[in-house]
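Here is how the chains run, residue by residue.
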Amino acid sequence: MDLVITFDSKSVLPLHRQLYEELRRSILTGRLLPGQRVPSTRAMARSLGISRTTVTQSYEDLLSEGYLQASHGSGTFICEQLPEELLRSSTERNETKEARLKRESLQLSAYGASIVGTLPAESTPKDTLISFKPGTLDYEAIPLKQWGSLMSRHFRSCNRAMLDYTNNPLGYVPLREAIAGYLARSRAVRCDPDQVIIVNGSQQALDLISRVLIDRGDTVAMEDPGYLGARHTFQAHGARLWPVAVDDSGIVIERLPARSAAKLKVIYLTPSHQFPTGMVLSLPRRLELLQWAQKRNAFIIEDDYDSEYRYGGRPIPALQGLDKSDSVVYVGTFSKVLFPALRIAYMVAPKSLVAVLACAKRLADRQSPLLEQYVLTDFINDGHLERHIRRMRTLYGRRRQTLARSLAMHLGDRVTITGESAGMHLMAQIKSRRSDEEIIERAGRLGVELVSARQYYLRSECSGKFVLGFAGLTERKIQEGVRRLSKALEE
Ligand SMILES: Cc1ncc(COP(=O)(O)O)c(C=O)c1O
């Protein structure tokens, strides 16, 4: 392999990072091809006139992020299936050479370059489609009447304070108090209201946390498979990702980086309903993880996105409530219990991080919109939220059961469902001679939208796994969707 790499002595990036960027770019632009063998660290170091440790470090980064794979005894190769391949939207994949050159000539920042192509392809929902796409909910069941009357009440009594800038980027104080109370009751989160920070969706929480904690080249550990919204955010901030396998008890603690590995600042996980496998992190592992983070002086981001929906068994208290060392940043959202377009979520930050997160929030957007915060405060304090959650828990619980039963009835031993009875989606392993793409295509022709779990995997191999959202479908549609899916699987 003939690779000419020129290092920039004035760059703020260390040599190993420059080499990493160059190799990654070469892989993504097709200069280096899938399956191609890369030179040994010794040979590469010799040809570039740099130390072998530098090369080893870049290779390790590329290995952990799924660009390279090592085959015992025969060397290191470019992965056949690259992470970006799966993440790129179809627009991006179909980008002409001319368009790519134009993008490259924009001289984007490292941040800009790393987020190109992360926008999912736009899709218009079709009426006839039975969509098992995760992330949807029952939009008909949203209590719009109560919401609307609170909205118009606040609108009518609108005063100057509601229309002006506030000098508090952390959010409307009564809402922060209401959330602290709700979290103590429902999730055993322990916090003062002044630790609660209102943000525009969990996505903004992840972005702000990354801004204040992550420098380019820092390591962030996250579940593999895991949530793309988190992965893209950490990558955009220049983090090296450390994928950690998940088993029946959640994230596998022994797979976290050893003490000698690069500086690990953050561990991101979804402990109460792992996305997408649905596993729940066991209590012994929760305690182990907290101890581990404390020893390593790392922060844990606990994304508790859908844990209100648990359909059996005892409720699982949040990791945050067990934390005695202020290591957990807890993130929760109203996207699942109300509706995503509301764009209100919250984090509960350790006291040590509140001030810096307030500065980051102010610089990002000054504050979240106020009218909705007033409305939400009453919605929680008047008991509407918890009533709505109870109703939805019954409805979604039945839908999950219907999905599980229909899968078992139509697919029998060709299907295995993973994870606990919780949340708004489940993961199913389907045995078939057909490829995932073929199954998706055939199901699509029968009016069923299916989503492969492959995109959520960073390192491990995955085929035949699908993530099926059920919350937005009536029981009848679920049964019909599974019936059509079984037809799609027919030989
Ligand atoms: C793991 C996970 N976290 C968070 C969210 C919600 O994000 P947001 O609050 O930005 O709507 C989702 C949405 O699907 C999710 O799957």
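In case you missed it, the structure is sitting above this.
Here is a short report on the structure shown in this document. Nothing here was measured: the structure is a model prediction, and the numbers come from that model. (Residues numbered from 1 in each chain as written. Predicted model: local features only at pLDDT ≥ 70, side-chain atom pairs only at ≥ 80, totals over all residues. Heavy atoms only, no water.)

### Some words on the sheet that holds strand β2 (residues 68-71)
In step 1: Reading across the sheet, the three strands line up as β1-β3-β2 and stay open at both edges, with antiparallel pairing between neighbours. Two strands lie at the open edges of the sheet, namely β1 (37-38) and β2, each paired on one side alone.
In step 2: The pairing of β1 with strand β3 (residues 75-78) spans two bridges and is antiparallel. Paired with Val-38 across the two strands is Thr-76, which belongs to β3.
In step 3: Of the strands in this sheet, β1, β2 and β3 are in contact with helix α3 (residues 52-64), which crosses β2 at around 100 degrees. (Pairing = 2+ DSSP bridges. Helix = DSSP H or I, 4+ residues; strand = E, 2+ residues; numbered from the N terminus. Contact = heavy atoms within 4.5 Å. Axes fitted to C-alpha atoms, helices over the stretch in contact; angles between N-to-C directions.)

### Structural notes on the site of the ligand
In step 1: Ser-202, Asp-303, Thr-333, Ser-335 and Arg-343 are the nearest of the 13 residues found near the ligand.
In step 2: The separation between an oxygen atom of the ligand and a polar side-chain atom of Ser-335 is 2.6 Å.
In step 3: Residue Arg-343 places a side-chain N or O atom 2.8 Å away from an oxygen atom belonging to the ligand.
In step 4: Considering the ligand on its own, with 400 Å² of exposed area, one finds that the protein chains cover 88% of that surface.
In step 5: Residues that form the shell around the ligand fall into these classes: four nonpolar, six polar and three charged. (Near = heavy atom within 4 Å. Polar contact = N/O pair within 3.5 Å; in protein donor to acceptor, adjacent residues only side chain to side chain. Areas by Shrake-Rupley, 256 points an atom, 1.4 Å probe, with all protein chains shown as cover. Nonpolar A, V, L, I, M, F, W, Y, C, P; charged D, E, K, R; others polar.)

### Section: helix α18 (residues 475-489)
In step 1: Taking 1.5 Å per residue, 15 residues should reach 21 Å; α18 reaches 21 Å between its end C-alpha atoms and fits that length.
In step 2: Buried-residue contacts for α18 involve β4 (130-131), α16 (384-411), β14 (425-430), α17 (436-445) and β15 (448-449). (Expected span 1.5 Å × (residues − 1).)

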